[in-house]
Amino acid sequence: GKGAGLDHALAALEAAGATRALVDLGGQVALLAPAGDEPARIGVAHPDRRDELVLEIALASGSLATSGNA
């Protein structure tokens, strides 16, 4: 469900003229960015200490999903 929602949201943004967007549906994000742009830095929070990042991922395009207990 979230993946389809992200795909539709990015398609709507692109159809409206957006060239760069980050859509976050809580646990899954998708990025619309022109080729050659700097990657977006996506932080992944610690499951017990939500204000503490444990990982940062560079995402140039596409989607990223996490799963956990938090």
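Everything discussed here concerns the structure shown above.
All of the points below concern the structure found in this document.

Reading the values: the criteria
Residues numbered from 1 in each chain as written. Predicted model: local features only at pLDDT ≥ 70, side-chain atom pairs only at ≥ 80, totals over all residues. Heavy atoms only, no water. Salt bridge = Lys/Arg side-chain N within 4 Å of Asp/Glu carboxyl O. Helix = DSSP H or I, 4+ residues; strand = E, 2+ residues; numbered from the N terminus. Buried < 20%, exposed > 50% of the residue type's maximum accessible area, 1.4 Å probe, protein only.

**A look at the pattern of salt bridges**
Item 1. Here the structure, examined in full by the defined rule, presents three salt bridges.
Item 2. Among the salt bridges present, the one from Arg 20 reaches Asp 37, with a minimum N-O distance of 3.0 Å. Taken together, the residues span a long stretch of sequence, with Arg 20 in the loop between helix H1 (2-15) and strand S1 (21-24) and Asp 37 in the loop between strand S2 (28-32) and strand S3 (40-45) at a distance of 17 residues.
Item 3. We note a salt bridge from Glu 56 to Arg 41, for which the minimum N-O separation is 3.0 Å. Taken together, the residues Glu 56 in strand S4 (residues 53-59) and Arg 41 in strand S3 connect sequence positions 15 residues apart.
Item 4. Overall, the relative accessible area of 44% leaves Glu 56 in the partly exposed class.
Item 5. For Arg 41, a relative accessible area of 53% gives the class exposed.

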